[in-house]
Amino acid sequence: MKDQFVIAYLADLSMTQAVVSHACQLARILKKGLILLYIEDRRRHLPTIASVEKTLLQIEAAHPDLHPAHAALKGNTKEIINALPTLLNGVVAVAGVNPHARPFSTTHPNQVLHLFSQCKIAYLTVQTPLSDHTPYGNVAFGIDFHKESKEKLIWASYFARFNRSRLTMLHFPYTDPGLHNKWHNNVLFMDKFFSGLNVTYNSLAVQGRAFFPETLVCRTAVQTGHNLLISVTTDTRSLDVVEWFAGTQERRTVRNPMKLPVLFINPRNDIYVLCD
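Residues numbered from 1 in each chain as written. Predicted model: local features only at pLDDT ≥ 70, side-chain atom pairs only at ≥ 80, totals over all residues. Heavy atoms only, no water.

1. Concerning helix 7 (residues 177-196)
Here comes step 1: The terminal C-alpha atoms of helix 7, which comprises 20 residues, lie 29 Å apart, in line with the 28 Å expected from a rise of 1.5 Å per residue.
Here comes step 2: On its buried face, helix 7 sits against strand 6 (138-142), helix 6 (153-162) and strand 7 (166-171).
Here comes step 3: Sitting at the head of helix 7, D176 places a side-chain oxygen 2.9 Å from the backbone nitrogen of G178.
Here comes step 4: At the exit of helix 7 stands N198, carrying a positive phi of roughly 60°. (Helix = DSSP H or I, 4+ residues; strand = E, 2+ residues; numbered from the N terminus. Expected span 1.5 Å × (residues − 1). Contact = heavy atoms within 4.5 Å. Polar contact = N/O pair within 3.5 Å; in protein donor to acceptor, adjacent residues only side chain to side chain.)

Take a look at the structure:
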């Protein structure tokens, strides 16, 4: 048995191929176990466990090299997802996102963010099956003046160390001295952190301005050939008036029309990380 697991959250099974393909790749890269998670939540009117059991077993049989297991649970979806680190020893989850899904569907972008909003593990949101011959070979992450930016670094280092991914730090050229100084301090922290792990990275300035900077970071990542973006969600304790009414950056990034996979990390002091 593995000590930690990649969790393939199969929601309503409509995006099984996309979720499983990414989850399998993460399990191989991180050398962790794989658990297929299905939740029968009566309030969401999803199929019963009995009706999906055969499908879960077929998915297991299709990936003998990973020896996956499945967990078919009944209960409140959000509560179960919150408990993934302790309930299933999860270290990262994969969730399917369908921008065209019904508003309260478990694959609707807003619902995915809601269900994982308090989760203590990183979660990869995907829209399409993995097809790249060098999965996650080019990983991008934005570093700005917020201290939360630094929370992306440990997962960026995992991809560099375990997948030999090429890392690119995307940033805005700040003209305000105060913001530039805060950004520079984050970069100094990043340099020290990566140096201790023998991890290297490239730097790329993002051109233009946007009301939601992370959407521009996401677009730039795609335009420059990256196949994964690492992002931090907005701390709900620090939402401003605009975010309450217009929504957070991640509401747009998660449904990006370029279909770029996005690994989200919730800004928490008790986030769970790999045992390596």
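On we go.
2. Examining the sheet that holds strand 8 (residues 202-205)
Here comes step 1: Strand order in the open sheet made by the 10 strands is 3-2-1-4-5-10-9-6-7-8, with mixed pairing throughout. Two strands in the sheet have a free side with no partner beyond their single neighbour: strand 3 (69-74) and strand 8. Between one strand axis and the next, the sheet turns through 25° on average, direction left out of account.
Here comes step 2: In this structure, strand 6 lies alongside strand 9 (residues 228-232), joined through three bridges in parallel fashion. (Pairing = 2+ DSSP bridges. Axes fitted to C-alpha atoms, helices over the stretch in contact; angles between N-to-C directions.)

3. Regarding unusual backbone geometry
Here comes step 1: Positive phi is not limited to glycine here, since A11 has a value of about 40°.
Here comes step 2: Residue placement: A11 occurs in the loop between strand 1 (5-9) and helix 1 (16-30).

4. With respect to the side chain of H171
Here comes step 1: Note on placement: H171 falls in strand 7.
Here comes step 2: Polar contacts involving the side chain of H171 include one to the side chain of S203, which spans 3.4 Å.
Here comes step 3: Residues within four places of H171 in sequence aside, it is in contact with I143, W183, S203, L204, A205 and V206.

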